[in-house]
Amino acid sequence: MRTHRRWGLAALAAMVIGVSGCATSEEWATWKAHPTHFASGDHASFSMRNREGSAARVTRNDITRARDEAWWGKPITVSQEQILER
Amino acid sequence: MSVSRRLALAMVVAVTLGIVGPPAAAAPSDDRILAVDQYTTDKGRTLARTYWPDLRTLNAGIYHCLPWVEIQKQSIGFFRPKHVAQDDRYLSLRIYIEQDPSPSFARLPVEKRASAMFSRYVGAMLRRMTKSPTLLADDSVDGFTVILEWLKQVPTAAGEPPTHETIAVFVPKPVAADYLSGQISIPDVATRARVLGWDGETSLGALRLSAWEDNFISTYKVKNYELEPGVTCP
């Protein structure tokens with residue numbers, strides 16, 4: 001279920017990106033005006049779903065667990081050694 | 001011996017050994033900080049040893065107060081920027097910023113995405129990295145590096161790895177000092193710092209960013225997030 005939702009979201013995001021061109025000035029202004037643009041809300045709902053019957057609260061451990069479960073896999077990214085020396 | 005007595009005995013032993021008990025309080029791992037013996041010069045080792053408690057405080061502060069930000073192993077330390085020839089040591093921090101996939105953000109040119117991330121995080125990280133007046137005044141600390149990394153786009157096919165975008169912001173000590181004392185603003189820091197970018201593993205070279213004041217970090221709260229007992233956030 002989780003996998004299906006994630007791929008559904010990925011497909012939707014890809015479709016929107018593919019159909020549209022560059023960001024409009026309106027979208028840029030929206031970002032600069034502090035949009036709700038982070039994943040933490042998902043963590044909150046994840047944790048609340050797992051605590052039925054108790055008061056909704058999210059701990060640091062909940063966030064770590066949610067992050068581990070939603071891991072996309074090893075990313076393509078620049079290595080530390082390309083930026084910094086020890 | 002009955003089963004119930006054996007179970008009771010096992011529980012006593014487990015509790016005594018610490019195998020069973022209340023859940024441990026969340027705490028960041030010290031492996032996020034480069035160990036003293038991993039430095040290649042005495043200057044690096046001395047700085048790491050001297051300011052180890054400050055690096056732990058930095059690690060813990062981000063862990064508890066910015067829970068949507070992740071610090072990977074060996075991402076905090078007194079590293080030498082690769083482009084600097086001499087042994088200049090910059091207090092360096094690399095963070096991964098977790099965000100929901102956002103088509104509108106993805107459509108921005110890379111300089112604008114980088115500018116947005118710079119505006120949101122660099123000033124706040126510089127303030128966290130310089131909480132110790134002793135560290136800021138130490139002549140052997142030559143500057144600060146803030147490395148920001150975020151998901152560029154979600155994978156579109158099964159098995160495809162995610163791609164991150166990264167910027168490395170190198171702030172010489174005098175620039176950081178001017179910013180922290182209020183003599184210059186964050187747009188000035190963007191102008192005077194060296195900023196390098198990467199798309200995945202591909203270098204984008206130096207980026208020219210236009211930054212602005214962004215109070216997101218000081219105002220955003222994760223819904224229903226509860227700090228560990230004894231932890232306070234600014």
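To keep things clear, this report deals only with the structure shown in the data block. This structure is a prediction, so every number in the text was calculated from the model and none was measured.

About the cut-offs
- Residues numbered from 1 in each chain as written.
- Chains lettered and ligands numbered in written order.
- Predicted model: local features only at pLDDT ≥ 70, side-chain atom pairs only at ≥ 80, totals over all residues.
- Heavy atoms only, no water.
- Disulfide = S-S within 2.5 Å.
- Helix = DSSP H or I, 4+ residues; strand = E, 2+ residues; numbered from the N terminus.
- Buried < 20%, exposed > 50% of the residue type's maximum accessible area, 1.4 Å probe, protein only.
- Pairing = 2+ DSSP bridges.
- Axes fitted to C-alpha atoms, helices over the stretch in contact; angles between N-to-C directions.
- Parallel < 35°, antiparallel > 145°, perpendicular 65-115°, else oblique.
- Left-handed = near helix turned anticlockwise from the far one by under 90°.
- Contact = heavy atoms within 4.5 Å.
- Nonpolar A, V, L, I, M, F, W, Y, C, P; charged D, E, K, R; others polar.
- Phe/Tyr/Trp six-rings, centres within 6.5 Å; stacked < 30°, edge-to-face > 60°.
- Lys NZ or Arg CZ within 6 Å of the ring centre and 35° of its normal.

**Focus: the state of the cysteines**
Residues and elements named next belong to chain B.
Line of reasoning, step 1. Counted according to the given criterion, the structure contains 1 disulfide over all chains.
Line of reasoning, step 2. Two residues share a disulfide in this structure: C65 and C233, whose sulfurs sit 1.9 Å from each other. Across the disulfide from C65 to C233, rotation about the S-S bond amounts to roughly -90 degrees, and the bridge is consequently left-handed. Here C65, found in helix α3 (residues 52-65), pairs with C233, found in the segment after α9 (216-219); they are 168 residues apart in sequence, far enough to count as distant.

**Things to note about the pairing of strand β5 (residues 163-172) of chain B**
Residue and element names in this part refer to chain B.
Line of reasoning, step 1. Counting buried residues along β5, 9 of its 10 residues qualify, which places the element largely inside the surrounding structure.
Line of reasoning, step 2. Pairing geometry for strand β4 (residues 143-153) and β5, over 10 bridges, is antiparallel. Bridge assignment links V146 to a residue of β5, and that residue is V169.
Line of reasoning, step 3. With 6 bridges joining them, β5 and strand β6 (residues 194-199) adopt antiparallel strand pairing.

**Thoughts on unusual backbone geometry**
For residues besides glycine, phi is generally negative; the peptide bonds are generally trans as well.
Residue and element names in this part refer to chain B.
Line of reasoning, step 1. In the Ramachandran plot, Q74 falls in the positive-phi region, its phi being about 55 degrees despite a non-glycine side chain.
Line of reasoning, step 2. Here Q74 shows up in the loop between β1 (69-70) and β2 (76-81).
Line of reasoning, step 3. One non-glycine residue, N224, adopts positive backbone phi at about 65 degrees.
Line of reasoning, step 4. Tracing the sequence through the fold places N224 in the segment after α9.
Line of reasoning, step 5. Take N224: its relative accessible area is 31%, and that puts it in the partly exposed class.

**What about the packing of α3(B) against helix α5 (residues 110-129) of chain B?**
Residue and element names in this part refer to chain B.
Line of reasoning, step 1. Taken N-terminus to C-terminus, the directions of α3 and α5 make an angle of 135 degrees; their axes are 10 Å apart at the nearest point. For the element pair α3 / α5, the angle class is oblique. With respect to the hand of their crossing, α3 and α5 are arranged in right-handed fashion. Along the contact surface, α3 presents L58, G61, I62 and C65, while α5 presents M125, R128 and M129.
Line of reasoning, step 2. For the contact of α3 with α5, a count of residues per class yields 5 nonpolar, 1 polar and 1 charged.

**Describing the packing of aromatic side chains**
Line of reasoning, step 1. Summed over all chains, the structure comprises 4 aromatic pairs over all chains.
Line of reasoning, step 2. Measuring from centroid to centroid gives 5.7 Å for W68(B) and F216(B), while their planes differ by 70 degrees, and the two rings are edge-to-face. You can see W68(B) sitting in the loop between α3 and β1 and its partner F216(B) sitting in helix α9, a full 148 residues away along the chain.
Line of reasoning, step 3. The buried category is assigned to W68(B), whose relative accessible area is 2%.
Line of reasoning, step 4. Pairing F216(B) with Y220(B) gives two aromatic rings, centres 5.0 Å apart and planes at 15 degrees, and the pair type is stacked.
Line of reasoning, step 5. It is R60(A) that lies over the ring of Y63(B); its NZ or CZ is 3.9 Å from the centre.
Line of reasoning, step 6. The ring of F216(B) carries R120(B) above its face, with NZ or CZ at 4.1 Å from the centroid.

**Describing helix α7 (residues 173-180) of chain B**
All names here are of chain B.
Line of reasoning, step 1. Within the span of α7, buried status applies to K173, V175, A176, D178 and Y179.
Line of reasoning, step 2. Residues of α7 that are buried make contact with α5, α6 (133-137), β4, β5 and α8 (186-192).
Line of reasoning, step 3. Downstream of α7 by one or two residues, G182 has phi in the positive range, about 85 degrees.

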